[in-house]
Amino acid sequence: MSAPAPAATRPLLAGRAAVVVVYTAAMCMNGLDSTIVNPALYSIAEDFGRPLSAANAVETAFLVGLALGLPVAGWLGDRYGVKRVFLAALAAFTAASALSAAAPDLGWLAAARALQGVAGGLLTPVGMTLLFRAFAPHERAGLGRVLIVPTALMPALGPPLGGFLTEHLSWHWLFLVNVPIGVAAVALGAVGLRAEEEPPAGRFDTTGFLLATPGLGLLVYALGFGPAHGWTSPGVALSGPLGLALLALAVRHQLRTAEPLVELRLLADRTFGAATWLALLTSAGLMGALFLVPLLHQAAFGASALEAGLSVFPEAIGLMAASQAVDRLLPRLGPRRLALPALLLAAAVLAGLGFAENPWAVRGLMFAVGLVLGTAVLTVQIAGFADVPPPGMSRAMGLFTIVRTLGGALGIAAAAALIGAFGDGAGAGPYRIALGLTAALVAAGALLAVRMPVEAPGPPPGD
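Since this is a predicted model, take the numbers as computed values, not measurements.

About the thresholds
Residues numbered from 1 in each chain as written. Predicted model: local features only at pLDDT ≥ 70, side-chain atom pairs only at ≥ 80, totals over all residues. Heavy atoms only, no water. Helix = DSSP H or I, 4+ residues; strand = E, 2+ residues; numbered from the N terminus. Buried < 20%, exposed > 50% of the residue type's maximum accessible area, 1.4 Å probe, protein only. Contact = heavy atoms within 4.5 Å. Areas by Shrake-Rupley, 256 points an atom, 1.4 Å probe, with all protein chains shown as cover. Axes fitted to C-alpha atoms, helices over the stretch in contact; angles between N-to-C directions. Parallel < 35°, antiparallel > 145°, perpendicular 65-115°, else oblique. Nonpolar A, V, L, I, M, F, W, Y, C, P; charged D, E, K, R; others polar. Expected span 1.5 Å × (residues − 1). Bend = angle between axes of the 7 residues up to and from the residue. Phe/Tyr/Trp six-rings, centres within 6.5 Å; stacked < 30°, edge-to-face > 60°. Lys NZ or Arg CZ within 6 Å of the ring centre and 35° of its normal. Core = buried A, V, L, I, M, F, W, Y, C linked by side-chain atoms within 4.5 Å. Patch = residues over 30% accessible without salt bridge, like charges linked within 9 Å, V, L, I, M, F, W, Y side chains within 5 Å. Salt bridge = Lys/Arg side-chain N within 4 Å of Asp/Glu carboxyl O. pLDDT = per-residue confidence, 0-100.

K.L.:
Please clarify how the overall build of the chain should be interpreted in this entry.
P.N.:
Per the secondary structure count, the chain includes 18 helices and 0 strands. Relative to its 463 residues, the chain shows a buried fraction of 52%. Within the chain, contacts between residues at least 6 apart in sequence are counted, and of these 82% link residues at least 24 apart. On the chain, roughly 19000 Å² of surface is accessible, and the fraction owed to carbon and sulfur atoms is 69%.

K.L.:
How should the packing of helix 15 (residues 335-353) against helix 18 (residues 429-449) be read in this particular structure?
P.N.:
Helix packing for two helices is described by the angle between their axes and how far apart those axes are. For the pair helix 15 and helix 18, interaxial distance at closest approach is 8 Å and the crossing angle is 170 degrees. Considered as vectors, helix 15 and helix 18 are oriented roughly antiparallel to each other. Contact residues: helix 15 offers R336, L340, L343, L344, A346, A347, L350, A351 and L353, while helix 18 offers L435, T438, A439, V442, A443, G445, A446 and A449. Of the residues contributing to the contact of helix 15 with helix 18, the split by class is 14 nonpolar, 2 polar and 1 charged.

K.L.:
Please clarify how helix 14 (residues 314-333) should be interpreted in this entry.
P.N.:
Since the α-helix advances by 3.6 residues per turn, residues separated by three or four positions end up pointing in the same direction. The end-to-end C-alpha distance of helix 14 is 26 Å, a good match for the 28 Å that 20 residues give at a rise of 1.5 Å each. A maximum bend of about 35 degrees is found in helix 14 at V326. Three or more residues of helix 14 are buried, namely P314, E315, A316, G318, L319, A322, S323, A325, V326 and L330. Note on helix 14: the residue one or two positions beyond its end, G334, has a positive phi of about 85 degrees.

K.L.:
Help me out: how do you make sense of the packing of helix 14 against helix 15 in this one?
P.N.:
Look at helix 14 against helix 15: their axes get within 6 Å of each other, and the N-to-C directions meet at 120 degrees. With respect to helix 15, the axis of helix 14 lies oblique. Together, L329, L330 and L333 of helix 14 and P335, R337 and L338 of helix 15 make up the contact between the two elements.

K.L.:
Please explain the packing of aromatic side chains as it appears in this structure.
P.N.:
To describe a pair of aromatic rings, one takes the distance between the centres and the angle between the planes. Evaluated as defined, the whole model comprises 1 aromatic pair. Note on W171 and F175: the rings are 6.3 Å apart at their centroids and 80 degrees apart in plane angle, and the pair reads as edge-to-face. You'll find W171 and F175 in the same group, each marked buried. Positioned above the aromatic ring of W360 is the side chain of R363, whose terminal nitrogen or guanidinium carbon lies 4.5 Å from the ring centre.

K.L.:
Honestly, the nonpolar core in this entry has me stumped. Any pointers?
P.N.:
Formed by 95 residues in total, the largest nonpolar core has its most connected members in F86 and F385. If you look at the next biggest cluster of nonpolar residues, it comprises 12 residues, including V37, V58, L106 and L174.

K.L.:
Before we go on, may I ask you to explain the side chain of R363 in this structure?
P.N.:
Relative to the elements of secondary structure, R363 occurs in helix 16 (residues 359-384). If near-sequence neighbours (up to four positions away) are discounted, R363 is found in contact with L310, S311 and P314.

K.L.:
Help me out: how do you make sense of a nonpolar patch on the surface in this one?
P.N.:
Where nonpolar side chains cluster on the molecular surface, the patch consists of L99, W108 and L115 and spans about 260 Å² of accessible area. Mapped onto the elements, W108 comes out in helix 6 (residues 106-134).

K.L.:
In this structure, what is going on with the environment of P430? I would like to understand it.
P.N.:
Looking at where P430 falls in the secondary structure, it is placed in helix 18. With 11 residues separating them along the chain, P430 and I419 place their C-alpha atoms 5.1 Å apart.

K.L.:
What exactly am I supposed to notice about the confidence of the model for the chain here?
P.N.:
Low pLDDT marks stretches whose predicted atomic positions should not be read closely. Counting all residues, the mean pLDDT for the chain is 76, and 78% of those residues have values of 70 or more. Per-element confidence in the chain is highest for helix 5 (residues 82-101), whose mean pLDDT is 89, and lowest for helix 3 (residues 52-55), whose mean pLDDT is 59. Per-residue pLDDT stays below 50 along residues 1-14; that stretch engages in 4 contacts with residues further than four places along the chain or on separate chains.

K.L.:
It is not clear to me how the environment of A45 should be interpreted in this structure. Could you clarify?
P.N.:
Along the polypeptide, A45 turns up in helix 2 (residues 41-48). In this structure A45 comes out as buried when scored by relative accessible area, which is 4%. A sequence separation of 61 residues divides A45 from L106, and the C-alpha atoms of the two residues are 8.1 Å apart.

K.L.:
What's the story with the environment of L238 in this structure? I'm lost.
P.N.:
Residue placement: L238 occurs in helix 11 (residues 234-256). For L238, a relative accessible area of 61% gives the class exposed. Spatially, the C-alpha atom of L238 lies 9.9 Å from that of L219, the residues being 19 residues apart in sequence.

This is the structure we're talking about:
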């Protein structure tokens, strides 16, 4: 039996427990709400007497709001304190959930979802800053099991839970379930989270904000809705190039100004830069595959929507298993020796997915994707932040989250474009080509994995 913790360390342990509980609750809400509404859009359109295409504004508003919140998260955390910004964003997300549940019309619902998105865009980087600050680099391998629940399991549970609640209760419950969880998490966070001294935030980069925020929002809108609405539709055709132009100007400005909104110069760091670009490639590959596999089995193999959805769910279970693998293997093997073979193996599995027709073979391969790709992703994320000092964590996490979000949108858009280019409805061929692209993206990440450290982060001298 282990000895009880010394009295001096008990407040620290209690503070860490509060960080883990509040972070997990907030990110589970955010993860669920990214997917839970999809199966309810038809019911929402019917209730408000609007066409299904109009109901898509509910998801558009959330995604664009998410993109708008991300660029300012780092500066707000430095300016007002990570704890304060996190709890304010969590309270706003909870209030927006209540407003969404009470929406009397579609415009109200879309506006409330936009507020949810902005709050969610703040929650992710600021929440991970809280979590990573609470644990030293050598302790973060064990965080995989915390990180994986909201990022993998909750988005995978969203569609079946959303369908169940809509069918047996009503779509209003998709948002009401957040309210008691959010209120409890805010209360626990107000008492249990510690406020830390933040680095000077500097002046607010107004030019960077006016360029990066609309640029990111327009690009995410185009990438997210180009496949559904058509790449030549007026909204997509205008927002995509305009978003790219604004982002190009934003990058130029961020690299020249002394106090940028998004600290792009962090990408020059060997380990953090490699981890961030790897996040873009792996997110593109994974989100592209999750988009493609259900479509392939419905369009080419005659599976039902439920069967297609169930075929990808084992990926979330594989990701949960990956958190256990990283906890055990990262301290022994080190980041490079663990991530490099995992990326190559994941690429091989993704390439083979297009040729698996048996439902159980598909589920087995999706579990393997979650296990090996999840191992690589968690390893790279933990190693990438090992040398980032606590004062710079907020800005670094904001940049990392922006790049990862863009990677997922790019992966889906590229997969959809390939299907269209090679002929939608032409059997399995176009989907296999697109899955080959997702495999190539993940394999390309192996070139970056060689820049990962050989040794796992260790405790500081004297520990």
